[in-house]
There are 2 protein chains.
Amino acid sequence: MKQGLIDEVRAFNRFYTDIIGLLNRNFLDSPYSLAEIRVVYEIFHHKGIRASQIMEIMHIDKSYLSRILKKLEKDGLLLRERSEEDARAFLLSLTEKGNTEFQWLNKASNEQVTTLLAPLTEKKKETLVRHMQNIIRILTPENNRNENN
Amino acid sequence: MKQGLIDEVRAFNRFYTDIIGLLNRNFLDSPYSLAEIRVVYEIFHHKGIRASQIMEIMHIDKSYLSRILKKLEKDGLLLRERSEEDARAFLLSLTEKGNTEFQWLNKASNEQVTTLLAPLTEKKKETLVRHMQNIIRILTPENNRNENN
DNA sequence: AAAAATAGTTGACTATATCAACTATTATTA
DNA sequence: TAATAATAGTTGATATAGTCAACTATTTTT
C-alpha cells in the first residue's frame, strides 16, 4: 500500500476529529453527555430495544450503560419494562418527556450542522454530501467482500 | 437549507465517529491517551512550540495540558527550555526517547489505517482518499469566503 | 439436575478533564 | 515610571467518563 494514501487518511482523520471536537464542545446546553444522547437516540429509533443490544451497537461496557439508563430513568426520560420472553431483560422506550428531549437534542444537532454548512454555497453543500455518501459506501463492509486487490 | 442534507451529514458523522471509536478502542498498547499522543504529535511537527500554542491548536484547558506535559517530561519524552524572549514561556521539543516513541506511535497508527483499508481494492482506496481530500477542501474556511449562496 | 451463559446492577477504582486561585513575567496605560 | 492588566504556566480540589470484578436472577446447554 502506498504510504501517501495512509498519510492522507490520517490527515483527514485529524481534520474531521477537530471539526467534531469543535462542534461537540460548542454543542450542549443539555445536561446529557454524548454517550447519553446516543443512548436516547438508539432507544428513540429502536423502541423496545434491550440494554444488551445498545451495548453491542455502542461498544460500551454494560456497567457504564447501566448507569446511563439509571440516570435517564431517574430523569423521567426512560421507560423500562420486563421482557415477557426473557425475565432477565428490559425493553426500553422513551417516555413523553424522553421524546420531547430527543426532539430538542435533534433540533440542536441540526442547528449545529446548519452552522457548519452555512458558509458554503448550495452547490458545495451538495458536493460535500455526495463525498460523504461515497465514503460511507466504500467503507461499508458488505460492499467489500469477494473482491481481489 | 434542505433537511436531507443535514440528515446526510449527521449520518456521516455517526458512521465516521463509530469507525474512529472502533479504531481508537483497538489502538493503544501505548500508555498514552489520545490527547497525550496528539501533544507529542504537535511537538514533533513544531519543534520549539510553546504550551500556549498547543493549547490553542488542541482547544484544551491549560491546566490539563500542563499535566500532560508534566507526565511526558517525567517519562523522559519531553524537553522544556525557558524561552529567551519571554521568561514565562517554555519552548518544547522531544528528547531522543520522545522521538522514538513518536515513531512507534506513528507506525502503530499507520498499521491501524492499513488494516482499515485492507479489504478495499486499490481503486477504491484511491477513490476514498480523493473524497476525503475534497471534504477537507470544501470545509476549509479559507475556501469559503466572499461567495454568495 | 448441574453447569455454563446471559442480562443487568453495584462498589471500588482509574482516567480524563475542568475550575478557580496562585506565582512569575511581560505589556499597557495613566 | 508606577500601577494595572494581560499572559504563561502550575497546583489543589473537584467533576465527569469509563472500567473491572463480584454479585443476583434468570435462561440455555450438557
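Naming follows an unreviewed UniProt entry, where chain A appears as Winged helix-turn-helix transcriptional regulator of Sinomicrobium weinanense.

Caption draft 1: Quick peek at the packing of aromatic side chains. Under the defined criterion, the tally for this structure stands at nine aromatic pairs over all chains. A ring pair is formed by Tyr41(B) and Phe102(B), whose centres lie 6.3 Å apart and whose planes are at 45°; its orientation type is tilted. With a gap of 61 residues between them, Tyr41(B) in helix H2 (residues 34-45) and Phe102(B) in helix H5 (residues 96-117) connect regions that are remote in the sequence. With respect to class, Tyr41(B) is no different from Phe102(B); both count as buried. Seen from their ring centres, Phe44(B) and Phe102(B) are 3.9 Å apart, and the 15° between their planes marks the pair as stacked. Taken together, the residues Phe44(B) in helix H2 and Phe102(B) in helix H5 connect sequence positions 58 residues apart. Arg80(A) extends its terminal NZ or CZ atom over the ring of Phe90(A), reaching a point 5.0 Å from the ring centre.

Caption draft 2: Representation of the protein's contact with DNA strand C. Close to DNA strand C lie 20 residues; Ser52(A), Arg67(A), Arg80(A), Arg88(A) and Tyr64(B) are nearest. When atoms of DNA strand C within 4 Å of the protein are split into backbone and base, the sugar-phosphate part holds 56%. Take Ser66(A): an N or O atom from its side chain is 2.7 Å from a phosphate oxygen of DNA strand C. Within the backbone of Ala87(B), an N or O atom sits 2.8 Å from a phosphate oxygen of DNA strand C. Elements supplying a minimum of two residues to the surface near DNA strand C: helix H3 (51-58) and helix H4 (62-74) of chain A together with helix H4 (62-74) of chain B. In terms of residue count, H4(A) provides more of the surface near DNA strand C than any other element does, five residues in total. Here the surface near DNA strand C is built from residues that sort into six nonpolar, five polar and nine charged.

Caption draft 3: Quick peek at the interface of chain B and chain A. Contact with chain B, which involves 52 residues of that partner, is made by 55 residues of chain A. At the boundary of chain B and chain A, one finds two salt bridges. Its salt-bridge partner being Arg38(A), residue Asp18(B) comes within 3.0 Å of it at the nearest N-O pair. Counting every contact that joins chain B to chain A gives 17 residue pairs in polar contact (both at pLDDT 80 or more). The dominant element in the side of chain B that touches chain A, judged by the number of residues it contributes, is helix H1 (residues 3-27) of chain B, at 16 residues. Taken together, the residues of the side of chain B that touches chain A sort by class into 23 nonpolar, 17 polar and twelve charged.

Caption draft 4: Spatial organisation of the protein's contact with DNA strand D. Looking at DNA strand D, there are 20 residues lining it, with Tyr64(A), Ser52(B), Arg67(B), Arg80(B) and Arg88(B) nearest. The contact atoms of DNA strand D, taken as those within 4 Å of the protein, divide so that sugar and phosphate hold 54%. Ser63(A) places a side-chain nitrogen or oxygen 2.7 Å from a base nitrogen of DNA strand D. At a separation of 3.3 Å, a base oxygen of DNA strand D approaches a polar side-chain atom of Arg67(A). No other element matches the five residues that H4(B) contributes to the surface near DNA strand D. Split by residue class, the surface near DNA strand D holds six nonpolar, five polar and nine charged.

Caption draft 5: Structural context of the pattern of salt bridges. Per the stated rule, a full pass over the model turns up 18 salt bridges over all chains. Across the pair Lys125(B) and Glu122(B) runs a salt bridge, and its minimum N-O distance is 3.0 Å. Placement of the pair is Lys125(B) and Glu122(B) together in helix H6 (residues 122-139), with a separation of three residues, close to one helical turn. Look at Lys125(B) and you get buried, because its relative accessible area is 2%. In this structure Glu122(B) comes out as partly exposed when scored by relative accessible area, which is 26%. Where salt bridges share partners, they join Asp18(A), Arg38(B) and Glu42(B) into one cluster.

The rules behind these values
Residues numbered from 1 in each chain as written. Chains lettered and ligands numbered in written order. Predicted model: local features only at pLDDT ≥ 70, side-chain atom pairs only at ≥ 80, totals over all residues. Heavy atoms only, no water. Phe/Tyr/Trp six-rings, centres within 6.5 Å; stacked < 30°, edge-to-face > 60°. Helix = DSSP H or I, 4+ residues; strand = E, 2+ residues; numbered from the N terminus. Buried < 20%, exposed > 50% of the residue type's maximum accessible area, 1.4 Å probe, protein only. Lys NZ or Arg CZ within 6 Å of the ring centre and 35° of its normal. Near = heavy atom within 4 Å. Polar contact = N/O pair within 3.5 Å; in protein donor to acceptor, adjacent residues only side chain to side chain. Nonpolar A, V, L, I, M, F, W, Y, C, P; charged D, E, K, R; others polar. Contact = heavy atoms within 4.5 Å. Salt bridge = Lys/Arg side-chain N within 4 Å of Asp/Glu carboxyl O.

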